[in-house]
Amino acid sequence: MLAIGVDVGGTSVRAGVVDGQGAVLDTARVGTPQDEVALEDAIAGVVEELRNRHEVSAVGLAVAAFVRPDRRSVMFAPHLAWRQAPVADRIAKRVGLPVTLEHDANAATVAEHRFGAARGAQVVTLVAIGTGIGAGLLLDGRIFRGAHGVAPELGHLCVVPGGRACPCGKYGCWERYCSGTALAATAIELLARHPGRSTVLTREIADDPGSVTGRRVAGAARDGDPVAQLAMAELARWLGEGLALVADVYDPEVIVIGGGVSESAPLFLDEAREHYAHAVTGAGHRPLARIRTAQLGDEAAFVGAATLAREKSTTPVD
Ligand SMILES: [Zn+2]
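Just so it is clear, the model here is predicted, and its values are computed rather than measured. Counting starts from 1 at the beginning of each chain's written sequence and moves along it residue by residue. In view of the model being predicted, local features appear only for residues whose pLDDT reaches at least 70, and side-chain atom pairs are presented and counted only at 80 or more, with totals across whole chains, interfaces and linings using the full set of residues. By convention in this description, side-chain values take in all heavy atoms of the structure and omit both hydrogens and water.

(A) Representation of the coordination of the zinc ion within the structure. Looking at the zinc ion, the protein donor atoms are His156 (ND1), Cys166 (SG), Cys168 (SG) and Cys173 (SG), and they sit 2.0 to 2.3 Å from it. Donor criterion used throughout: N, O or S atom within 2.8 Å of the metal, extended to 3.2 Å for Na, K and Ca. Water excluded; incomplete-looking sites may result. Site shape is set this way: if four donors have all angles between 85 and 135 degrees, tetrahedral; if opposite donors are over 155 degrees apart and all others between 65 and 115, square planar for four donors and octahedral for six; otherwise irregular. Coordination at the zinc ion comes from 4 donor atoms whose angles at the metal span 105 to 118°, giving a geometry best classed as tetrahedral. Take His156: its relative accessible area is 18%, and that puts it in the buried class. Working definition: with a 1.4 Å probe on protein chains only, accessible area under 20% of the residue-type maximum means buried, over 50% means exposed, and in between means partly exposed. Classification of Cys168 by relative accessible area gives partly exposed; the value is 39%.

Next up, the structure:
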């Protein structure tokens, strides 16, 4: 049985036809419109496009948003037009299929649990490192959403009291030290402290400091740029320290590292594992979570959303 998963992100709406083994049979994509009506038109459009080519039975939406606990409505989305919007019912009406709604990181966690890096594990933390940090928690095999549907916001755990300002209004949030954005900020800070120690990055920053991105810092680190490598080591440190905090609360069996930054995992993951192993409470006297890179890449959110939609449509209502 096939289902369509739709990943509704801040820049694009990406959809895929997914089978029961998590295989992606077909995809469609469109830019994310800014207003509510056009956004829903775009979602209905990609669903219709895929339905013309495949027989599907359900649709799952993965959204970068706070989703109500009943998973029918979006409460708030920082990068999307919806505010207190009954999205699942509106889309269901448009496409004439059952529609489920899920937070994108939760959907990605489900995908990695069913088909990827966390297969078989019962307590799983997913940390998607991109522009910020997206996180998902699986407890005893089930997604943990908190009482009001907004957990977990791991990216806004404070790791540096009084540290870098975060758009969320707090200071020293984990994602300010462990993300693509953080990698660029760290590199710029390090260059100011060690002028002349870098080649590629120094030139880029002299030309335009705004042009330094996490991706370019990672590329420079790969090319042997010493300042970029220091920035990468900082990211590794904060990843390990932050995961140790998370492990103190949840004691996960598997930690999955996803998001765009995970493409550079060979540059930081072993080091992050060492920091984690030292920073976790009871270090040296307890089993440690296995820290793995995500296997489903940027398709994880729509694969997970399709899987949840399919499972819901084939499970009797309890
Ligand atoms: Zn924050």
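After presenting the structure, the write-up continues.
(B) Expanded view of the packing of aromatic side chains. Each aromatic pair joins two rings of Phe, Tyr and Trp (for Trp, the six-membered one) with centres within 6.5 Å, and gets the label stacked for planes under 30 degrees apart, edge-to-face for over 60, and tilted for any other angle. Per the stated rule, a full pass over the model turns up 2 aromatic pairs. Considering the side-chain rings of Tyr177 and Trp238, the 5.4 Å spacing of their centres and the 55° angle between planes classify their relative orientation as tilted. Residue Tyr177 is found in the loop between strand 11 (142–143) and helix 4 (180–193), and its partner Trp238 is found in helix 7 (residues 226–250); the two are separated by 61 residues along the sequence. Trp238 carries the same exposure label as Tyr177, and that label is buried. Residue placement shows Arg237 over the ring face of Trp238; its charged tip is 4.2 Å from the ring centre. Runs of E in the DSSP output that reach at least two residues are strands. Runs of H or I that reach at least four are helices, and both are numbered from the N terminus. A ring is scored as having a charge over it whenever the NZ atom of a lysine or the CZ atom of an arginine sits within 6 Å of its centre and within 35 degrees of its normal.

(C) Inspection of the sheet that holds strand 6 (residues 74–76) at higher detail. Spatially, 5-6-7 is the arrangement adopted by the 3 strands of the open sheet, whose pairing is antiparallel. Each end of this open sheet is capped by a strand with a single partner; those strands are strand 5 (66–67) and strand 7 (83–85). Alignment of strand 5 against strand 6, held across 2 bridges, turns out to be antiparallel. Its bridge partner being in strand 6, Val67 is matched across the sheet by Val74. When DSSP finds two or more bridges between two strands, those strands count as paired.

(D) Looking closely at the nonpolar core. Joining through side-chain atoms within 4.5 Å is the link that ties buried Ala, Val, Leu, Ile, Met, Phe, Trp, Tyr and Cys residues into a set, and such a set is a nonpolar core. Ranked by size, the top nonpolar core spans 44 residues in total, and within it Trp174, Leu201, Leu239, Leu243, Ile257, Phe268 and Tyr276 carry the most contacts. If you list the elements that add at least two residues to this core, you get strand 9 (124–129), strand 10 (133–139), helix 4, helix 5 (200–207), helix 6 (214–222), helix 7, strand 12 (254–258) and helix 8 (269–279). Per element, the largest residue contribution to this core is 12 residues, and it comes from helix 7. Those residues in contact with Tyr276 that sit more than four places away from it in its chain are Gly240, Leu243, Ala244, Ala247, Ile255, Leu288, Ala289 and Ile291. Ranked by size, the runner-up nonpolar core spans 33 residues in total, among them Val8, Val17, Ala85 and Val87. Should any heavy atoms of two residues lie within 4.5 Å, those residues are considered in contact.

(E) Highlighting helix 8. Looking at helix 8, one finds that the buried residues are Leu269, Ala272 and Tyr276. Buried residues of helix 8, seen end-on, are gathered within an arc of 55° and therefore sit on one face of the element. Along helix 8, exposed side chains directed more than 90 degrees from the buried face belong to Asp270, Glu274 and His278. Those residues of helix 8 hidden inside the fold are in contact with helix 7, strand 12 and strand 13 (290–293). As used here, the arc belongs to the directions running from the helix axis to the C-beta atoms.

(F) The packing of helix 4 against helix 6, seen in detail. All axes here are fitted lines through C-alpha atoms, helices being fitted over the stretch that makes contact, and every angle between N-to-C directions spans 0 to 180 degrees. Relative to each other, helix 4 and helix 6 sit at 65°, their axes nearing to 7 Å. Between helix 4 and helix 6 the crossing geometry is left-handed. Each of Gly180, Leu183, Ala184 and Ala187 in helix 4 lies in contact with helix 6, whose residues at this interface are Gly214, Val217 and Ala218. Each residue receives one of three labels: charged for Asp, Glu, Lys and Arg, nonpolar for Ala, Val, Leu, Ile, Met, Phe, Trp, Tyr, Cys and Pro, and polar for the others, Gly being one of them. When grouped by side-chain class, the residues that make up the contact of helix 4 with helix 6 number 5 nonpolar, 2 polar and no charged. What makes a crossing left-handed is the near helix being turned counterclockwise from the far one by less than a right angle; a clockwise turn instead makes it right-handed.

(G) Seen up close, the pattern of salt bridges. The salt bridge criterion pairs a side-chain nitrogen of Lys or Arg with a carboxyl oxygen of Asp or Glu, the two atoms within 4 Å. Inspection of the entire model under this criterion finds 19 salt bridges. The salt bridge involving Glu189 is made with Arg193; its shortest N-O contact spans 4.0 Å. With Glu189 and Arg193 both in helix 4, this residue pair falls 4 residues apart, about one helical turn. On the accessibility criterion, Glu189 (37% relative accessible area) is partly exposed. Looking at Arg193, the relative accessible area reads 57%, which means it is exposed. The partner of Asp248 in a salt bridge is Arg286, and the shortest N-O contact between them spans 3.8 Å. In this pair, Asp248 sits in helix 7 while Arg286 sits in the loop between helix 8 and strand 13, placing the two residues 38 residues apart along the sequence. According to the relative accessible area criterion, Arg286 is partly exposed, its value standing at 24%.

Fair warning: the whole summary comes from geometry, so function is off the table for now.
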